[in-house]
Amino acid sequence: MRSAIAKATTAVGASGHTAGSFLPDLAAMLPPGSLHALLKTGRAQIDGEIGALVRAAAAGREPEAQRCAHRLAGSAGVLGLGRLVAAARAAEAAATSGDRSALGSAVDEARSAADEALAELGRWLADSDEPT
Amino acid sequence: MTGAIHGSGSRHVNLRPRILAVDDDPTARLFIALTLSPLAVDVYVTATCREFRAMSDSMAADLYLIDIELPDGDGFLMAEALRARCATPMIFLSVHGDDGHRLRALELGAMEYLSKPIHPREFSLRIQNILTSLRGHGAGAAIAATASQPTPPLIRRFRGLTLDVSRRRLTDDGGRDMGLTAAEFEVLALLTGEPQRVVTRAQFAQRLGPQSAARYNTRIVDILVWRLRKKLQRVSGLGQFIATVPSRGYMFVEPLSPE
């Protein structure tokens, strides 16, 4: 099953959606329980941060949006979720510069990339073992 | 959140290098702990500058792994303050991949600047290579071993001399200050803190600060010990409190008097 997901991930990566994901590499390196814990933490973190980013940007709270985007990029970064990292960094830069128009576009892209990443993490979690 | 994650391998705790990390992102903290645990190291992960400082004050580490943007401060500023008092190797791990951040890290003496995304295997290998390099210089296990020892007394007496570590003075039995320089004092404090044990040049470098660390393969420690021996010889008539251990370092061979 895990190899099937790895193939699917590769296929998605080839289409440019999740290029650079380290999930297959992490699966090869870590015991199943550790992988599960990491992915679960990553999913919760990404889910929480993207929601907070969307709310902060919509409310015009750029400093908060900047911090959310930074944390989002960090979580996505260690999992190698390349598209989400790029989108979060763009949102962070836009929030830092105070460019609300650019921030809006970047947050839209981050939302889309986060949805994709969360779906991918969900597939991996469904296939990985709970820590004992 | 602070936690210690022990890697696999034997339980000779004092031979395992210690890594102290700080990152505000829970996913990154777990990533660090899980990907480094197979390296037979003890990994301590913290989430804030405050936690990191508390940990670094209370234990010796062989390697610091530092995030830059932290909720209660700037990782660079924290690293700068650390550099002023210890030479522990540092690595920065950050989302920022620009030249400005990289250069700032290197100016602070960082061994590496790793930007996310970073491949987990690359991350693990880079840390492993650095630890291997540190072991080659006698650091790592020796520093961890030092940290695992009981705290030495602050007043140390030998042959009529008294070293007061808290007041940073060496006096003779008449109470006269022997006028050690700051560096000489540090060398003597380190040696008397571990009498009858070899102190390596890497440990001296750790104690003496970054300038020494950058040059610890030169003879700076040898010169300090030579000057110290001369001063001890002049006052006590005995200059051989400090023995040279070829290829390793020095040892304080005179037993300390009981309090």
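Here the structure is shown first, and the text comes after it.
Residues numbered from 1 in each chain as written. Chains lettered and ligands numbered in written order. Predicted model: local features only at pLDDT ≥ 70, side-chain atom pairs only at ≥ 80, totals over all residues. Heavy atoms only, no water.

Novice: I'm lost on the overall build of chain A in this one. Help?
Specialist: Each helix and strand counted, chain A has six helices and zero strands in total. Moving toward the C terminus, one meets the helices and strands of chain A in the order α-α-α-α-α-α. Counting across all 132 residues of chain A, residues that qualify as buried make up 48%. A separation of at least 24 residues holds for 69% of the contacts in chain A among residues at least 6 apart in sequence. Summed over its atoms, the accessible surface of chain A is roughly 5500 Å², and 56% of this surface lies on carbon and sulfur atoms. (Helix = DSSP H or I, 4+ residues; strand = E, 2+ residues; numbered from the N terminus. Buried < 20%, exposed > 50% of the residue type's maximum accessible area, 1.4 Å probe, protein only. Contact = heavy atoms within 4.5 Å. Areas by Shrake-Rupley, 256 points an atom, 1.4 Å probe, with all protein chains shown as cover.)

Novice: Quick question: what am I supposed to make of the sheet that holds strand 10 (residues 161–164) of chain B here?
Specialist: Within a beta sheet, neighbouring strands are joined by backbone hydrogen bonds and run either parallel or antiparallel to one another. All names here are of chain B. Sheet architecture is open: three strands sit in the order 9-10-11, paired in antiparallel fashion. With one partner strand each, in any of the chains shown, strand 9 (155–158) and strand 11 (169–171) form the two edges of the open sheet. Pairs of neighbouring strands in the sheet enclose a mean axial angle of 15°, with direction left out of account. Pairing of strand 9 with strand 10 involves four bridges; the strand directions are antiparallel. Across the sheet, the residue bridging to Arg-157 is Thr-162, located in strand 10. (Pairing = 2+ DSSP bridges. Axes fitted to C-alpha atoms, helices over the stretch in contact; angles between N-to-C directions.)

Novice: Looking at this model, I keep getting lost on the packing of aromatic side chains. Mind explaining?
Specialist: Between two aromatic rings, the relevant description is the distance of the centres plus the angle of the planes. Residues and elements named next belong to chain B. The final tally for this structure, using the stated rule, is four aromatic pairs over all chains. Summarising the aromatic geometry, the rings of Phe-52 and Tyr-64 are spaced 5.3 Å apart at their centres and angled 65° between planes, so their arrangement reads as edge-to-face. Note that Phe-52 is positioned in helix 2 (residues 49–58) and Tyr-64 in strand 4 (residues 63–66), a separation of twelve residues in sequence. Like Tyr-64, Phe-52 is buried. (Phe/Tyr/Trp six-rings, centres within 6.5 Å; stacked < 30°, edge-to-face > 60°.)

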